[in-house]
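Okay, here's what each chain looks like letter by letter:
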Amino acid sequence: MSFNINKQLNAEDQEPKAAETAEATATTNEPVQETAPVAETAHDDFDWSRDKRNVSAYSADEKAKYDSVYDNTFKQINDGEMIQATVESLTKTDVVVNIGFKSDGLISLNEFRDIPGGVKVGDVIEVMVVEKEDREGNLNLSRKSARITRAWERIVEVNKTGEIVTGLVTSKTKGGLIVDVFGMETFLPGSQIDVKPVTDYDQFVGKTMEFKVVKINEAIKNAVVSHKALIESDIEAQRAEIIGKLEKGQVLEGTIKNITDFGAFLDLGGLDGLLYITDISWGRINHPSEVLKMDQKLNVVVLDFDDDKKRISLGLKQLTPHPWDTLAENLKEGEVVKGKVVNIEDYGAFLEIMPGVEGLVHVSEITWANTPINAKEFFKLGDEYEAKVVTLDKDTRKMSLSIKQLTEDPWSTIENRFPEGSKHMGTVKNITPYGVFVELATGIGGMIHISDLSWLKRFNNPNEYTKVGNEIEVLILSIDKDGRKLQLGHKQIEEDPWNSLESTFAIGSEHEGTVIKKDDKGAVVQLPYGLEGFAPARHLAKEDGKTITADEIANFMVIEFDRSDKRIVLSHTRLWEQEKEEEKQVQMKEKRAEAESTKKAVKNIQSKVEKTTLGDLGVLAGLKAKLDGDAAAEEAKGE
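Calculation rules
Residues numbered from 1 in each chain as written. Predicted model: local features only at pLDDT ≥ 70, side-chain atom pairs only at ≥ 80, totals over all residues. Heavy atoms only, no water. Pairing = 2+ DSSP bridges. Helix = DSSP H or I, 4+ residues; strand = E, 2+ residues; numbered from the N terminus. Axes fitted to C-alpha atoms, helices over the stretch in contact; angles between N-to-C directions. Salt bridge = Lys/Arg side-chain N within 4 Å of Asp/Glu carboxyl O. Buried < 20%, exposed > 50% of the residue type's maximum accessible area, 1.4 Å probe, protein only. pLDDT = per-residue confidence, 0-100. Core = buried A, V, L, I, M, F, W, Y, C linked by side-chain atoms within 4.5 Å. Contact = heavy atoms within 4.5 Å. Phe/Tyr/Trp six-rings, centres within 6.5 Å; stacked < 30°, edge-to-face > 60°. Lys NZ or Arg CZ within 6 Å of the ring centre and 35° of its normal.

**Remarks on the sheet that holds strand E21 (residues 423–432)**
Right, on to step 1. Around the barrel, which closes on itself, the five strands sit in the order E21-E22-E23-E25-E24 with mixed pairing between neighbours. Shown here is a sheet whose adjacent strand axes are inclined to one another by a mean of 50°, direction ignored.
Right, on to step 2. Relative to strand E22 (residues 435–441), E21 runs antiparallel, the two sharing five bridges. Bridging across to E22, threonine 427 finds its partner in glutamate 439.

Quick look at the structure:
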């Protein structure tokens, strides 16, 4: 821009004399004195309308000098540029700032709300040039944009250096909190607030906290901060210090921070340790919460630790002597003790006599009976029993107990109470594929073999006949005192009906029966008196070509009766085949009788008729031969 505001644009076109006059006055910058008028000629083209007052002329060097001074009074700015500005004045809504440009800029007061006490005239602030000339020709500036840009540059820097920053938690959002860092909003996920799970986010709103920038997104200028990372770094330092001083057997104080099914985690002052459930108490416990509580402080001993994996195994019970070492001297074999069932296995149950001291009641020591006993059905956790100490070994810390030895052995007088051949009522205690175990009295029982359940029926499994818990009458068949076994029978209560059934179900006799079961081999048929018979598949065919089906009622013929093997074989097919045979025999007899009658009639006629001619005799002989031939043919056909 040139400083030639007061120059005459066409001064060079003036007459030489006027130019000389102007040059004479240029150095004094005084008004030009008017001279005597000159006679005007016809060709005089001087423009007398131009004012020659205050007109100055400069040399080329002076022009360049003054142009440079003028140009330096203005700043060259670009859109998006960051620049320092001075607050010139304040209005009700805006702040007027000077950036040294040809015009001042306006910034909304809302962008200065973060300044304590507000903005004042003369304050120097940093702003961003949004537009150096908008549609209306105004200079558009923004302090907020400048702050966000500087904040982002700072956040990117601290993300690289790992520097700790301070931020203000401004609000709660879905999944976390919004934190103001350097004037820019960042996101604090809920999982990054603390090392412990946090459910109440509102308690952090309005607090100023320290954070670490853990993630940035350059594309959308978004940053994620973490307070948990600072805690973990402090904890890691504490861990390294604690692990460096750890020794097996060392006693530490810890606070319970979490309880699980398998144990409890303790905070040892920046380092976690695991107190396993088996190391909590010398006695058995079902869950750590039975003896431990959250945030409880207690002393524990270091059992083992791993420097690499940062694992520490702790013990609580090890701080007290083992109960077996303090066992009372008067506890000896033969003593009666009382204990609680703390564990049940297939082979028996463990009774806790005192915390940490257990004894095993084997299944063979539960009852005097020789019948199998399921320990898991006999015992229940938490039940208390008295038992006799059978063996005791303090060195190996083992003890065997017996419940049955608290009572007299009933097998010592078994012959008097349950003699052979006597009948008794018993309770079904167990069922196996080969028999039924029956208890006659406490500690006394025996087995009924599957073949001794019924005279008439055959069972694939005894549970088809009776169930556990049912009462059943038995007969003592034999006694094995040494083996503590009784052989029992149920069918022997009644006489063997097969001795009297042989005449009723004689071979060839016909009976009505119901097919109760059928397979490829044949069918089982329910007969009267509770008997069952078997009909082979080929004997189930009907006269119409069909076969008897399951649940069908039909007549059957006894074709086999075996009393010793208690087996009856039946046939339905034999019935209708036999009926057909009988019908044939009847027809043959009728035809034979008719032929005999014809012969007799012919003989009678011959005896009464007089002798005829030889021709007549020939005719009669032919008739007789024909009759004899027909009779012989019928007889051959019948055979």
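**Quick notes on the pattern of salt bridges**
Right, on to step 1. Throughout the structure, instances matching the rule amount to 17 salt bridges.
Right, on to step 2. Aspartate 272 serves as the salt-bridge partner of lysine 257, at 3.1 Å between the closest nitrogen and oxygen. Of this pair, lysine 257 sits in strand E11 (residues 251–259) while aspartate 272 sits in strand E13 (residues 272–276), and the two are 15 residues apart along the sequence.
Right, on to step 3. The exposure class assigned to lysine 257 is partly exposed, which follows from its relative accessible area of 34%.
Right, on to step 4. For the salt bridge of arginine 397 with aspartate 325, the shortest nitrogen-to-oxygen distance reads 3.2 Å. Within this pair, whereas arginine 397 is found in the loop between strand E19 (384–393) and strand E20 (398–402), its partner aspartate 325 is found in the loop between strand E15 (311–315) and strand E16 (336–345), the two being separated by 72 residues in sequence.
Right, on to step 5. Assessed through its relative accessible area of 36%, arginine 397 is described here as partly exposed.

**Some remarks on the pairing of E15**
Right, on to step 1. With two bridges joining them, E13 and E15 adopt parallel strand pairing. Across the sheet, residue leucine 275 finds its bridge partner in E15, namely leucine 314.

**Description of the confidence of the model for the chain**
Right, on to step 1. Predicted confidence across the chain gives a mean pLDDT of 80, with 84% of residues reaching 70 or more.
Right, on to step 2. Ranking the elements of the chain by mean pLDDT puts helix H1 (residues 16–26) last with 43 and E20 first with 93.

**Side note on unusual backbone geometry**
Right, on to step 1. Backbone geometry places aspartate 295, a non-glycine residue, at a positive phi of 65°.
Right, on to step 2. Mapping aspartate 295 onto the fold places it in the loop between E13 and strand E14 (297–306).
Right, on to step 3. Overall, the relative accessible area of 57% leaves aspartate 295 in the exposed class.
Right, on to step 4. For arginine 397, which is not glycine, the phi torsion reads 60° and is therefore positive.

**Section: the sheet that holds E11**
Right, on to step 1. Here five strands make up a closed barrel; going around it, the order is E11-E12-E13-E15-E14 and the pairing mixed. For this sheet the average axis-to-axis angle between neighbouring strands, irrespective of direction, equals 55°.

**Structural notes on the nonpolar core**
Right, on to step 1. Residues Ile155, Leu177, Val179, Leu188, Ile193 and Phe211 are the most contacted members of the largest nonpolar core, which totals 21 residues.
Right, on to step 2. Mapped by element, the contributors of at least two residues to this core are helix H3 (143–161), strand E6 (164–173), strand E7 (176–181), strand E8 (184–189), strand E9 (208–217) and strand E10 (222–226).
Right, on to step 3. Here this core gets five residues from one element, more than from any other, and that element is H3.
Right, on to step 4. In this structure, leucine 188 is in contact with Gly176, Leu177, Val179, Ile193, Phe211, Val225, Ser226 and His227, ignoring residues within four places of it in sequence.

**Structural notes on the packing of aromatic side chains**
Right, on to step 1. Under the definition given, this model contains six aromatic pairs.
Right, on to step 2. Where phenylalanine 378 meets tyrosine 385, the ring centres are 6.3 Å apart and the plane angle is 25°; that geometry is what we call stacked.
Right, on to step 3. The exposure class of phenylalanine 378 is partly exposed, given its relative accessible area of 37%.
Right, on to step 4. Through pairs of rings, three or more aromatic residues link up here, namely Phe378, Phe379 and Tyr385.
Right, on to step 5. The lysine or arginine in question, arginine 284, covers the ring of phenylalanine 350, its NZ or CZ lying 5.7 Å from the ring centre.

**Topic: the side chain of threonine 432**
Right, on to step 1. Summarising the element assignment, threonine 432 is placed in strand E21.
Right, on to step 2. In this structure threonine 432 touches Phe437, Asn461 and Pro462, once residues within four positions along its chain are discounted.

**Observations regarding the pairing of strand E28 (residues 532–536)**
Right, on to step 1. Taken together, the five bridges between strand E27 (residues 522–526) and E28 define a ladder with antiparallel strand orientation. Residue pairing for E28: glycine 522 is matched across the bridge by proline 536.
Right, on to step 2. The hairpin formed by E27 and E28 contains five residues between the paired strands, and tyrosine 529 there has a positive phi angle of roughly 70°.

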